[in-house]
Amino acid sequence: MKKINSLSTLCLLLLLGITSVVHGHNPARQSPLWSPFGGHDGSNWQASDGYKNDDWFFGCHWSGQRVSFANGQMTLSLQHNGAHQAPYQYDCAEYATHDFFGYGLYEVSMRPAAVSGVISSFFTYTGPYYSGAPWDEIDIEFLGNDTTRVQFNYYTNGAGGNEILHDLGFNAAHSFNTYAFEWLEDAIHWYVNGQRVATATQNIPSSPGRIMMNLWNTYGLDEWTGPYQGQPAQAQYQWVRYTPYNGGGGGNGGG
């Protein structure tokens, strides 16, 4: 989940050159993307750094130093940054593409953090600070208080309430597994290790979004994620793949 509702944050992002799209339109990249995380790929990806989010992200400061690469994988980490008073006592991690992507198959090999109050994610996102685009989003999220389940969700022009909790039958924090979603004009299908496990067909988002992964601690959402009590956390990612569809073709969510 990604949300920024601050004009000052928008200005900062513009100054940083992060929002370099045509006003009112985010063109979708039509070519495939294959990203094995043996190191930082600056031609396709960027680490969020030096700004903060409001609302659900209260207490989280995005730091590029919390994104690291070693042994063929990327690690997103969360830890106390030395500040003695809230807010923003913790450095969190986020990694996102430069380009925007539309209909197609999105896959990731990942291992989420098993820490209460912490979210590990893989998703597409665009929002109002991207040159006026609506808030459209498709999520795969792991709640650190119970990594035997995965949560799927999506937003269309800011309208959410589409959460699906799926029991995995294994603990996702114990090993790498492949998670995917297939984004079509009239449906979203979610997959775990190549098996379709969930489908949505109502009010499907249509605006191209960036591919993103983040790790962040929650505040005031204990009923959903469990309480966060200050523990460090890590989520690991081996690779990401995007396969574009031309108008609604199909795939199998394989890895």
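Here, every reference points to the structure presented above.
Residues numbered from 1 in each chain as written. Predicted model: local features only at pLDDT ≥ 70, side-chain atom pairs only at ≥ 80, totals over all residues. Heavy atoms only, no water.

Section: the overall build of the chain
Then, number 1: Of the regular secondary structure elements, the chain holds 2 helices and 18 strands.
Then, number 2: The 255 residues of the chain split such that 55% are buried.
Then, number 3: Pairs at least 24 apart in sequence give 70% of the contacts found in the chain among residues at least 6 apart.
Then, number 4: In the structure as shown, the chain presents an accessible area of about 10,300 Å², 48% of it carried by carbon and sulfur atoms. (Helix = DSSP H or I, 4+ residues; strand = E, 2+ residues; numbered from the N terminus. Buried < 20%, exposed > 50% of the residue type's maximum accessible area, 1.4 Å probe, protein only. Contact = heavy atoms within 4.5 Å. Areas by Shrake-Rupley, 256 points an atom, 1.4 Å probe, with all protein chains shown as cover.)

Details of the packing of aromatic side chains
Then, number 1: By the definition in use, this model includes 17 aromatic pairs.
Then, number 2: For the pair Phe-69 and Tyr-95, a centre-to-centre distance of 5.7 Å together with 65 degrees between the ring planes defines the contact as edge-to-face. Of this pair, Phe-69 sits in strand 5 (residues 67-70) while Tyr-95 sits in strand 7 (residues 90-97), and the two are 26 residues apart along the sequence.
Then, number 3: Judged by its relative accessible area of 1%, Tyr-95 is buried.
Then, number 4: Pairing Trp-135 with Tyr-155 gives two aromatic rings, centres 4.5 Å apart and planes at 15 degrees, and the pair type is stacked. (Phe/Tyr/Trp six-rings, centres within 6.5 Å; stacked < 30°, edge-to-face > 60°.)

Concerning the pattern of salt bridges
Then, number 1: If you walk through the whole model with that rule in mind, you get 3 salt bridges.
Then, number 2: The partner of Glu-107 in a salt bridge is Arg-241, and the shortest N-O contact between them spans 3.0 Å. Pair noted here: Glu-107 is in strand 9 (residues 104-111) and Arg-241 is in strand 18 (residues 233-244), with a separation of 134 residues, a long-range link.
Then, number 3: A relative accessible area of 2% places Glu-107 in the buried class.
Then, number 4: Take Arg-241: its relative accessible area is 24%, and that puts it in the partly exposed class.
Then, number 5: Between Asp-146 and Arg-149 there is a salt bridge, with its nearest N and O atoms 3.3 Å apart.
Then, number 6: Judged by its relative accessible area of 26%, Asp-146 falls in the partly exposed class.
Then, number 7: Judged by its relative accessible area of 31%, Arg-149 is partly exposed. (Salt bridge = Lys/Arg side-chain N within 4 Å of Asp/Glu carboxyl O.)

Points about the environment of Leu-33
Then, number 1: By secondary structure assignment, the location of Leu-33 is in strand 2 (residues 33-36).
Then, number 2: On the accessibility criterion, Leu-33 (3% relative accessible area) is buried.
Then, number 3: Sequence-wise, Leu-33 and Pro-244 are 211 residues apart; in three dimensions their C-alpha atoms are separated by 8.7 Å.
Then, number 4: In this structure, Leu-33 is in contact with Asn-44, Trp-45, Thr-97, Phe-101, Ile-211, Val-240, Arg-241 and Tyr-242, ignoring residues within four places of it in sequence.

Description of the state of the cysteines
Then, number 1: For the structure shown, the criterion picks out 1 disulfide.
Then, number 2: Two residues, Cys-60 and Cys-92, share a disulfide whose sulfurs are 2.2 Å apart. Here Cys-60, found in strand 4 (residues 60-62), pairs with Cys-92, found in strand 7; they are 32 residues apart in sequence, far enough to count as distant. The residues Cys-60 and Cys-92 share a single accessibility class, namely buried. (Disulfide = S-S within 2.5 Å.)

Purely geometric numbers; function is a separate question.
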